[in-house]
Amino acid sequence: MRIAHVITRLILGGAQENTVLTCEDLVREFHDDVLLVTGPALGPEGTLMDRARAGGVPMEVVAPLRRPIHPLRDLASYFRIKRILTDFQPDVVHTHSAKAGILGRMAARRLGVPAIVHGVHGAPFHPYQGRAARAFFRACERWAAPQCDAFISVADAMTDLMVDARVAPRDKFTTIYSGMEVEPFLRSDEHRDRVRRQLGYEPRHVVVGKIARLFHLKGHEYVIRAARQVVDAQPNVRFLLIGDGILQERVRRQIAEAGLDDHFQLTGLVPAERIPELIASMDVLVHASLREGLARTLPQALIAGKPVVSYDVDGAREVCIPDQTGFLLPPKSVAEMARALIRLADDPPLRDRLGSEGRRRFTDVFRHERMTAEIRSLYERLLAG
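This is a predicted model, so every value here is computed, not measured. (Residues numbered from 1 in each chain as written. Predicted model: local features only at pLDDT ≥ 70, side-chain atom pairs only at ≥ 80, totals over all residues. Heavy atoms only, no water.)

A.B. asks: Tell me what's going on with empty space enclosed by the protein, and back it up with residues and numbers.
C.D. replies: In this approach a probe as big as a water molecule rolls over the atoms, and the regions it shows empty are the leftover space. Evaluation of the coordinates by the stated rule reveals two cavities of 30 Å³ or more. Taken as a whole, the largest cavity holds about 60 Å³ of empty space. If you go around the largest cavity, the residues you meet are N18, H94, H96, G119, H121, I152, V154, I176, M371 and I375. Taken together, the elements giving at least two residues each to the lining of the largest cavity come down to β4 (92-96) and α15 (368-384). (1 Å grid on protein atoms, 1.4 Å probe; cavity = no way out; pocket = protein on both sides within 12 Å on 5 of 7 lines; lining within 4 Å. Points joined across faces, edges and corners; volume = space filled by probe spheres on them. Helix = DSSP H or I, 4+ residues; strand = E, 2+ residues; numbered from the N terminus.)

Pasting the structure below:
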């Protein structure tokens, strides 16, 4: 099978890691001819390009392909993608992200590619946009939907969102959870003591971690406000923020203004392979984003045996199950977050119970081998049909 994946950029992110793992598995396990088409990985979020190349994934970089709307660059990107697909002659084109999703689907349909799939990692329209922007992006998705044969959602919540927005009918969607390499998370506690010492934590410290770009709608401000209440009740709690981004200075200023410099540590950008050991150093993971398809950090923490505290956005409720794997909270809530974190800080057996249940439930569900097998099975059904 000849399969082209098209994505806007290969930064360090969930959709990007999902795509690279899928391509690697298709090459290694199924011996497919795979081509990964992407724009340049610009900005402070890092890149997975070296990882993809090391995994044996052939790649074409479309220089003008960028995330922001720019008619001239977008037109140039469309023709470049179309030329690449013409040369590659794929049986399947699988697109990811908004910009590459529209341009890639359009090019593939014009070329008569037999099967076209779009991955829904998160909707490009959301309640925190202005009304005009939200209507525009929703209209773009509705226009692009007939250009593909099927959608793959990373969570049932993504399907519900797209169907409710009348993007496409429900029978066009399949949920396939975004897979990952689970073994490093299952073994992560081997590194716990070493990494905690490196980070300066003592045995008495309860570490609350958050993994996210320092970017708009990631919710760092709510964690900082809740942290003030948590530290007042439990001075031994420490907060570990993993990630970099354009809001780094703002986040540091908010921490300082709250008088919490001694209780927060920011790692900046870290290689993806360090995430398991950093999760091992934590006792709880908090997820405060206001929009996210299904944040990979939630199943990663649960597979590592850590309880999670999450806002109830998009697919979070599919893994953050109240009183079973964590605490599910209303978006933007601060007092509720503080109460959940204080309760977990006070109760080690509760942390162990919730984390153990998360590991039991989700280890096999999120194996990347399972994800790729389900994706390829969908390709086969589309080609046969």
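That covers the picture; the talk isn't over yet.
A.B. asks: How would you sum up the sheet that holds strand β1 (residues 2-9)? Please name residues and give values.
C.D. replies: The strand order across the open sheet built from seven strands is β3-β2-β1-β4-β5-β6-β7, with neighbouring strands paired in parallel fashion. Taken across any chain shown, the strands that pair with only one partner, and hence form the sheet edges, are β3 (59-61) and β7 (173-175). Between one strand axis and the next, the sheet turns through 20° on average, direction left out of account. Note: strand β5 (residues 115-120) against strand β6 (residues 150-153), four bridges, orientation parallel. Across the sheet, the residue bridging to G119 is I152, located in β6. In the packing of helix α1 (residues 14-28) onto the sheet, the strands contacted are β1, β2 (33-39) and β4, and the crossing angle to β1 comes to about 160°. (Pairing = 2+ DSSP bridges. Axes fitted to C-alpha atoms, helices over the stretch in contact; angles between N-to-C directions. Contact = heavy atoms within 4.5 Å.)

A.B. asks: So, the nonpolar core: which residues are in play, and what are the values?
C.D. replies: Membership of the largest hydrophobic core comes to 64 residues, with the highest contact counts inside it found for I81, F151, V167, I242, I279 and M282. Core analysis: the next-biggest nonpolar cluster, separate from the first, contains 37 residues, L214, F239, L341 and L344 among them. (Core = buried A, V, L, I, M, F, W, Y, C linked by side-chain atoms within 4.5 Å. Buried < 20%, exposed > 50% of the residue type's maximum accessible area, 1.4 Å probe, protein only.)

A.B. asks: How would you explain the sheet that holds strand β9 (residues 237-242) if you had to name every residue and give the values?
C.D. replies: Here six strands make up an open sheet; going across it, the order is β10-β9-β8-β11-β12-β13 and the pairing parallel. A strand with exactly one partner marks an edge of an open sheet, and here the two such strands are β10 (264-268) and β13 (326-329). This sheet shows a mean twist of 20° between the axes of neighbouring strands, independent of strand direction. Where strand β12 (residues 308-311) meets β13, four bridges bridge the pair, whose relative direction is parallel. For Y311, the partnering residue across the bridge sits in β13 and is L329. Along the sheet, helix α10 (residues 248-257) makes contact with β9 and β10, crossing β10 at roughly 170°. Where helix α13 (residues 335-346) meets the sheet, its contacts fall on β8 (206-211), β9, β11 (284-287), β12 and β13, and the angle it forms with β13 comes to roughly 175°.

A.B. asks: Give a detailed account of the packing of α1 against α15, specifying residues and quantitative values.
C.D. replies: At a minimum axis distance of 9 Å, the contact between α1 and α15 shows a crossing angle of 75°. Viewed along their axes, α1 and α15 adopt a mutual orientation that is roughly perpendicular. Residues N18, L21, T22, D25, L26 and R28 of α1 form the contact with α15, whose own contacting residues are H368, E369, M371, T372, I375, R376 and Y379. In terms of residue class, the contact of α1 with α15 is made up of five nonpolar, four polar and four charged. (Parallel < 35°, antiparallel > 145°, perpendicular 65-115°, else oblique. Nonpolar A, V, L, I, M, F, W, Y, C, P; charged D, E, K, R; others polar.)

A.B. asks: Describe the packing of aromatic side chains, with residues and values.
C.D. replies: Each pair of aromatic rings is reported with the distance of its centres and the angle of its planes. On inspection of all chains with the given rule, the structure shows seven aromatic pairs. With a centroid separation of 5.1 Å and an interplanar angle of 65°, the aromatic rings of Y78 and F79 are classed as edge-to-face. Ring centres of F151 and F173 lie 4.6 Å apart, and the angle between their planes is 15°; this geometry places the pair in the stacked category. Taken together, the positions of F151 in strand β6 and F173 in strand β7 put the pair 22 residues apart, joining distant regions of the chain. Its relative accessible area of 0% is what places F151 among the buried residues. Classification of F173 by relative accessible area gives buried; the value is 10%. We note R2 situated over the ring of F88; from NZ or CZ to the ring centre the distance is 4.3 Å. The ring of F215 is capped by R213, whose NZ or CZ atom sits 4.7 Å from the centre of that ring. (Phe/Tyr/Trp six-rings, centres within 6.5 Å; stacked < 30°, edge-to-face > 60°. Lys NZ or Arg CZ within 6 Å of the ring centre and 35° of its normal.)

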